[in-house]
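Chain by chain, the residues run as shown.
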Amino acid sequence: MRGASALQSLLHEFDNAPLTIFVVWEPILATDSAGVKTAALGRISDRRAVQFWDKSHQLSAHMGGPASFGPKSGAKILFDMDEYVWDFVAVYAPGFRWNESSRSPAFAGAPVIKVIPELRSYLSGAPAQH
């Protein structure tokens, strides 16, 4: 949940950027099985965001699972996501189409809370500060 709040803060910094944000919530912990709570949805209040509940992890499977974001795609992944893509942020270039499955995101990283500085740099067009 801290990642969602941090992402909302970052989006506020880029309030005028032409972004479309898709937030996908999915059950990872046993306590998630009842679905996404209103309080969680409220953590991302950006007007450009559309939020979804993916009970059966369909998006994660369509994305190719965590293995799709390993070294071969150039994504910076900071932890093992096991069998599902979660707590993850990806930025796709304008005009990207999901049927172009061989194309990698322009930026990808996880967990969200730890990659906010790199995402900020990417969105601002500045080199990442480490």
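Preceding this section is the structure that the text describes.
Below is a summary of the structure that appears in this document. Being a predicted model, the structure only gives us computed values, none of them experimental.

## What to know about the packing of helix α1 (residues 2–13) against helix α4 (residues 112–124)
Thought 1: Axis separation between α1 and α4 bottoms out at 9 Å; the angle between their running directions is 15°. By the criterion of interaxial angle, the relationship of α1 to α4 is roughly parallel. The handedness of the crossing between α1 and α4 is right-handed. Counted together, Arg-2, Gly-3, Ala-6, Leu-7, Leu-10 and Glu-13 of α1 and Val-112, Ile-113, Ile-116, Leu-119, Arg-120 and Leu-123 of α4 form the full contact between these two elements.
Thought 2: Among the residues making up the contact of α1 with α4, the classes are represented as 8 nonpolar, 1 polar and 3 charged.

## With respect to the nonpolar core
Thought 1: Among the nonpolar cores identified, the biggest contains 19 residues, and Leu-7, Leu-10, Ile-44, Val-89, Phe-107, Ile-116 and Leu-119 are the most heavily contacted of them.
Thought 2: Beyond its immediate stretch of four places on either side in the chain, Ile-44 contacts Ala-4, Leu-7, Gln-8, Val-23, Ala-49 and Gln-51.
Thought 3: If you look at the next biggest cluster of nonpolar residues, it comprises 5 residues, including Met-63, Val-85, Phe-88 and Ala-110.

## Thoughts on α1
Thought 1: For α1, spanning 12 residues, the distance from its first C-alpha to its last is 17 Å, which sits close to the expected 16 Å at 1.5 Å a residue.
Thought 2: Of the residues making up α1, those classed as buried are Gly-3, Ala-4, Ala-6, Leu-7, Gln-8, Leu-10 and Leu-11.
Thought 3: Buried residues belonging to α1 abut β1 (21–25) and α4.

## With respect to the pattern of salt bridges
Thought 1: As enumerated under the stated definition, the model contains 3 salt bridges in all.
Thought 2: We note a salt bridge from Glu-13 to Arg-120, for which the minimum N-O separation is 2.8 Å. Taken together, the residues span a long stretch of sequence, with Glu-13 in helix α1 and Arg-120 in helix α4 at a distance of 107 residues.
Thought 3: According to the relative accessible area criterion, Glu-13 is partly exposed, its value standing at 46%.
Thought 4: Two residues, Arg-47 and Asp-15, come together in a salt bridge whose shortest N-O distance is 2.9 Å. Of this pair, Arg-47 sits in the loop between α2 (38–41) and β2 (49–53) while Asp-15 sits in the loop between α1 and β1, placing them 32 residues apart in sequence.
Thought 5: Overall, the relative accessible area of 59% leaves Arg-47 in the exposed class.
Thought 6: Taking the relative accessible area as the measure of exposure, Asp-15 reaches 31% and is therefore partly exposed.

Thresholds applied
- Residues numbered from 1 in each chain as written.
- Predicted model: local features only at pLDDT ≥ 70, side-chain atom pairs only at ≥ 80, totals over all residues.
- Heavy atoms only, no water.
- Axes fitted to C-alpha atoms, helices over the stretch in contact; angles between N-to-C directions.
- Helix = DSSP H or I, 4+ residues; strand = E, 2+ residues; numbered from the N terminus.
- Parallel < 35°, antiparallel > 145°, perpendicular 65-115°, else oblique.
- Left-handed = near helix turned anticlockwise from the far one by under 90°.
- Contact = heavy atoms within 4.5 Å.
- Nonpolar A, V, L, I, M, F, W, Y, C, P; charged D, E, K, R; others polar.
- Core = buried A, V, L, I, M, F, W, Y, C linked by side-chain atoms within 4.5 Å.
- Buried < 20%, exposed > 50% of the residue type's maximum accessible area, 1.4 Å probe, protein only.
- Expected span 1.5 Å × (residues − 1).
- Salt bridge = Lys/Arg side-chain N within 4 Å of Asp/Glu carboxyl O.

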